[in-house]
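# Coordinate analysis (summary)
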Amino acid sequence: MNFEDIPPSEEEEVVVLPPAVPEESAPAAAVPVVEDEPAAVDDTLAKFNAEWEAKLAEKREAEFEMQKAARANAEEERAAWNTQRDIRLKAKKDSNRSEEQVLQEALESEVENSKTWERVSKLIDAGESADGKGSDTSRMRKLFIQLKSEPLDVTRAAAAAKGE
């Protein structure tokens, strides 16, 4: 069916298109052909790529130098920290040794002391209250204090005297 034969309706607007020209019959001068342009584009692209690679190489070198400097700085800080740590450890060891020596001397002098309850009372702190750090030792503390003030021998002798 040929649509050109159908008359347009009154409401439709008629648009007339020019006939299509086949590509073979088009003049050759209408399409410009420049043979030097692809070579110029390739040369410009190669120049850009070379510049880009140079910039990337500079950035890589700068980043490598920054990493090298950061590693050197970190190594220096670690060495300083280790030195400070060794100093602290040596000081702590010295103080622990001196405290241990004082404690050993105190224990040796107490061994010579024959009063048992004085040694026991030094081992416990009668003024310390249970603060939830461990088990409740208040009953044991009270028992020690009672035994210190009233020795077991005296208590047993008094109980035996009542019983007779």
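Just above sits the structure.
First, a word on what this report is: a plain description of the structure on this page. (Residues numbered from 1 in each chain as written. Predicted model: local features only at pLDDT ≥ 70, side-chain atom pairs only at ≥ 80, totals over all residues. Heavy atoms only, no water.)

Before going further, it helps to spend a moment on the environment of Arg-78. With respect to the helices and strands, the residue Arg-78 is situated in helix H1 (residues 36–112). Looking at Arg-78, its side chain comes within polar contact range of the side chain of Glu-75, at 2.6 Å. (Helix = DSSP H or I, 4+ residues; strand = E, 2+ residues; numbered from the N terminus. Polar contact = N/O pair within 3.5 Å; in protein donor to acceptor, adjacent residues only side chain to side chain.)

On to the pattern of salt bridges, then. Counting across every chain of the model gives two salt bridges. In this structure, the salt-bridge partner of Glu-75 is Arg-78, at a minimum N-O distance of 2.6 Å. Of this pair, Glu-75 and Arg-78 both sit in helix H1, three residues apart, which is roughly one turn of that helix. Given a relative accessible area of 46%, Arg-78 falls into the partly exposed group. One salt bridge in this structure joins Arg-97 and Asp-94, with 3.6 Å as the shortest N-O distance. (Salt bridge = Lys/Arg side-chain N within 4 Å of Asp/Glu carboxyl O. Buried < 20%, exposed > 50% of the residue type's maximum accessible area, 1.4 Å probe, protein only.)

Turning our attention to the packing of aromatic side chains. What describes a pair of aromatic rings is the distance from one ring centre to the other and the angle between the planes of the rings. Under the counting rule described, the total for this entry stands at one aromatic pair. When the centroid spacing of 6.4 Å and the interplanar angle of 15° are considered together, the rings of Phe-48 and Trp-52 count as stacked. Taken together, the positions of Phe-48 and Trp-52, both in helix H1 and four residues apart, correspond to about one turn of that helix. The class for Phe-48 is partly exposed, based on a relative accessible area of 47%. What makes Trp-52 partly exposed here is its relative accessible area of 40%. (Phe/Tyr/Trp six-rings, centres within 6.5 Å; stacked < 30°, edge-to-face > 60°.)

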